[in-house]
Amino acid sequence: MTATTDDAADARGAASEVNAVPRSASRPATGIPPDATGRGGPGTAAPPGAPAPGRNPVRAAAADPPPPPEDDPQGVREAVARATRQLLARQDPQGWWKGDLETNVTMDAEDLLLRQFLGIRDERTTAAAALFIRGEQRDDGTWATFHGGPPELSATIEAYVALRLAGDAPDAPHMVRASAWIRAHGGIAAARVFTRIWLALFGWWSWEHLPELPPELVFLPPWVPLNIYDFGCWARQTIVPLTVVSAMRPVRPAPFALDELHADARVPNPPERLAPLASWEGAFQRVDRALHVYRRFAPRRLRKAAMASAGRWIIERQENDGCWGGIQPPAVYSVIALHLLGYDLRHPVMRAGLESLDRFAVWREDGARMIEACQSPVWDTCLAAIALADAGLPPDHPALVKAADWMLGEEIVRSGDWAVRRPALAPGGWAFEFHNDTYPDIDDTAEVVLALRRIKHPDPARVEAAIARGVSWNLGMQSRNGAWGAFDADNTSPFPNRLPFCDFGEVIDPPSADVTAHVVEMLAFEGMAGDTRTRRGIAWLLAEQEPEGGWFGRWGTNYVYGTGSVVPALTAAGIAPGHPAIRRAVRWLESVQNADGGWGEDQRSYKDRSWAGKGASTASQTAWALMALLSAGERDSQAVRRGVAHLVRTQEEDGSWDEPYFTGTGFPWDFSINYHLYRQVFPLTALGRYLHGEPPAACAPQAASAASVPAVSAAGFPAPVERRAAAGAGET
């Protein structure tokens, strides 16, 4: 879509149409009044001004925030106009946005290894992948897993092997540096399990020296510990096909030796010392040894039935576009497993799977080919719509209406794996990717609802129905502790992370502060701040605050992201800016602001708390901090003014921001993400809210809130106030 001068005029003109009052207006200085249990509850009396049960709060009038001076010395209005034009120009004609999703070179290396295993590696793909991998190598010969990060052994091994496949000689200077570093850091034996599985496929590592994954796992019922539904959905989709691979232990002819990657080539598989039996690690090590013995005596008919069941499980979860879960790692293992089970590469299932993998490739202008681990169109689109609306774009702007149309078409109305824990819950939500109907997620659903509420759609009944289903599904996915995970409810078993196989990344999906905050914010927008379920989420968030004042960020880096998610949610739900938790968050954000006025946080904060809130300033993290401070009533503070000035100063001429640093998170520390659209949508959101005020909570039409949720008392909960004219779908 091409932006026009009319778009820019719309972006500037909308500032006079949609204004907000500061969050400090009409806010009581207390949080949730306790009931007899010490927490807010339906048994307490409602304070004066609280909404009636099942009703939207009364909208209170308040003064507009002081606008920037007419001459706009900071250039905020022009920065917003430039960023708006830039974002509008990036919209696909179908209505969606998608930025590149950059991770690390293991995606590219494993893509080449898969093609080598299947016998379909071609020269063009290999050369393009090698060009990208070489471009990511550092001067010391290593590869990191995020920009500016430390060398990472497994990534370096996989990148080295991929370059060997591409024809790079082991005695080439860049390869010599890499292999020397690998040997000095323990060699292949010290690599993670996943890396050694890839090497075992070609005989470069022994299957006997890998943890055993019996396919009989698929027969365990959901109430038995370590059944497949105890794992997070991403791990579940990976483990099921890997049970087939582990059972069959395939070995393809190796095109070359890798002796140069062993710390001692004479003893490539050094013996592993067992941990004490009394420890969890020691106990599971011995369980794994028992499984190795079981392998030799496993009943053939049982094993054959288990592998067949695993194959059916995999095929049943293939999406319409051929992928699995919309993410690359489960897809590659599913293709391998099905091939081992006898599926020919020309079989429709296999052909669709391979074609879907090709769509993860980003071809760059220099001829390099980067593999995305995942694609984020739903997430990017709802965030872009929120940014444009909060920047002042009229709610009926064609770009927003087109985005709403596309998002409505992406709603998932069939059941998925989540129903194993919630069998009676009706479906209704959104996934992260183009195609992932089996695994909608709670975070995307909350943000899509927040986006749709900002858009004036010509078919309000359609919007209301979709929102009602999404809200109901999210409420039904609340975990027992009152919070929300990303894909499943109560996915908190302590056992999966202790398995010898699971030495890389999170394999469970417990509730997180950032996802819970987005759900709470959505519920506040729906007029449900007083709902008991919302209040349980708020109580959990308040209890999860770190001593320093921030919140841990599970899906974004890290404490800055968590805090930037939680503070706007709490204030939208009625927690006063003067509440001690909000004040602690403000003080912490002010304390970690960089000298240049921005905020940044390195991925190292996931391993070392001393890095919390520390790192080079980035556009997205600066925006998250500003969003928190603005929601806390700090619009006129020195910290906000400096942060806004930093964003304006670092904006490119075309309205974008540069951000090489990774501010997204797949697995804390283990798998970092650079969402290329984050640098655009979040700064625009923050600057828009600086200009126009906070978005309006509790703006849902009364009919929607009354129809979609049962009436509950709002006892003891401060009433949200309207901060700018609502533009929600179906408004009259």
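Given the structure is predicted, the values throughout are model-derived calculations rather than measurements.

Counting residues in each nonpolar core, the largest one holds 210 residues, and the members touching the most others are L87, I157, M407, L452, W484 and F501. Looking at which element gives the most residues to this core, the answer is helix α13 (residues 377-390), with 10 residues.

It is worth spelling out the sheet that holds strand β1 (residues 101-102) at this point. Pairing between sheet strands relies on hydrogen bonds along the backbone, with the strands arranged either parallel or antiparallel. Ordered in space as β1-β5-β4, the 3 strands form an open sheet in which the pairing is antiparallel. Looking along the sheet, the strands with just one partner apiece sit at the ends: β1 and β4 (664-667). Of the strand pairs in this sheet, β1 and strand β5 (residues 671-675) are connected by 2 bridges, and their pairing is antiparallel. Note that in β5 the partner of L101 across the bridge is Y675.

Glancing now at the pattern of salt bridges. This structure, assessed with the given rule, holds 36 salt bridges. Taken together, the salt bridges that share partners define one network made up of R236, E316, R317, D417 and D488.

Below, the discussion takes up the pairing of β4. As paired strands, β4 and β5 are joined by 3 bridges and run antiparallel to one another. Bridging across to β5, T665 finds its partner in S672. With antiparallel pairing between neighbouring strands as the criterion, β4 and β5 make up a hairpin whose turn holds 3 residues, including W669 at a positive phi of roughly 75°.

Our next topic: the environment of R183. Secondary-structure assignment places R183 in helix α6 (residues 173-184). For R183 and E260, which are 77 residues apart along the polypeptide, the C-alpha to C-alpha distance reads 7.6 Å. Setting aside chain neighbours within four positions, we find R183 in contact with E260, L261, H262 and A263.

What follows covers the pairing of β5. Within β5, 5 of the 5 residues are buried, which leaves it mostly tucked inside the rest of the structure. By the alternation rule, side chains of β5 split into F671, I673 and Y675 and S672 and N674, which are all buried.

At their nearest, the axes of helix α4 (residues 123-136) and helix α5 (residues 153-165) sit 9 Å apart, and the two run at 140° to each other. For the element pair α4 / α5, the angle class is oblique. Handedness of the α4/α5 crossing: left-handed. Where α4 abuts α5, its residues T126, A130, I133 and R134 lie against A159, A162, L163 and L165. Tallied by class, the residues present in the contact of α4 with α5 amount to 6 nonpolar, 1 polar and 1 charged.

For the coordinates displayed, the defined rule picks out 26 aromatic pairs. Between W234 and F487 the ring centres are 6.0 Å apart and the planes differ by 65°, which places this aromatic pair in the edge-to-face class. Here W234, found in helix α8 (residues 233-248), pairs with F487, found in the loop between α16 (460-476) and α17 (513-525); they are 253 residues apart in sequence, far enough to count as distant. With a centroid separation of 6.0 Å and an interplanar angle of 80°, the aromatic rings of W624 and Y678 are classed as edge-to-face. Highlighted residues: W624 in helix α21 (residues 619-631) and Y678 in helix α23 (residues 678-692), separated in sequence by 54 residues. Take W624 and Y678: they sit in the same class, and that class is buried. We note R252 situated over the ring of F117; from NZ or CZ to the ring centre the distance is 4.0 Å. Sitting over the ring of W611, R604 keeps its end group 5.2 Å from the ring centre.

Next up on the list: the packing of helix α2 (residues 76-89) against α23. Packing of α2 against α23 leaves a shortest axis separation of 10 Å and a crossing angle of 140°. Classified by the interaxial angle, the pair formed by α2 and α23 is oblique. Note that α2 runs across α23; the crossing there is left-handed. Touching V76, R77, A79, V80, A83, T84, Q86 and L87 of α2 are Q680, V681, L684, L687, G688, Y690 and L691, all from α23. Here the contact of α2 with α23 is composed, by residue class, of 10 nonpolar, 4 polar and 1 charged.

Moving on, we come to α17. End to end, α17 covers 18 Å across 13 residues, agreeing with the expected 18 Å (1.5 Å per residue, within 8%). A large share of α17 lies buried, amounting to 13 of its 13 residues.

Another point: the confidence of the model for the chain. Confidence along the chain averages 87 in pLDDT terms, with 85% of residues attaining 70 or more. In the model, residues 1-66 has pLDDT below 50 throughout and makes 149 contacts with residues more than four positions away in sequence or in other chains. Within the model, the stretch residues 700-732 combines pLDDT values under 50 with 123 contacts to residues more than four positions away or in other chains.

About the thresholds
Residues numbered from 1 in each chain as written. Predicted model: local features only at pLDDT ≥ 70, side-chain atom pairs only at ≥ 80, totals over all residues. Heavy atoms only, no water. Core = buried A, V, L, I, M, F, W, Y, C linked by side-chain atoms within 4.5 Å. Buried < 20%, exposed > 50% of the residue type's maximum accessible area, 1.4 Å probe, protein only. Helix = DSSP H or I, 4+ residues; strand = E, 2+ residues; numbered from the N terminus. Pairing = 2+ DSSP bridges. Salt bridge = Lys/Arg side-chain N within 4 Å of Asp/Glu carboxyl O. Contact = heavy atoms within 4.5 Å. Axes fitted to C-alpha atoms, helices over the stretch in contact; angles between N-to-C directions. Parallel < 35°, antiparallel > 145°, perpendicular 65-115°, else oblique. Left-handed = near helix turned anticlockwise from the far one by under 90°. Nonpolar A, V, L, I, M, F, W, Y, C, P; charged D, E, K, R; others polar. Phe/Tyr/Trp six-rings, centres within 6.5 Å; stacked < 30°, edge-to-face > 60°. Lys NZ or Arg CZ within 6 Å of the ring centre and 35° of its normal. Expected span 1.5 Å × (residues − 1). pLDDT = per-residue confidence, 0-100.

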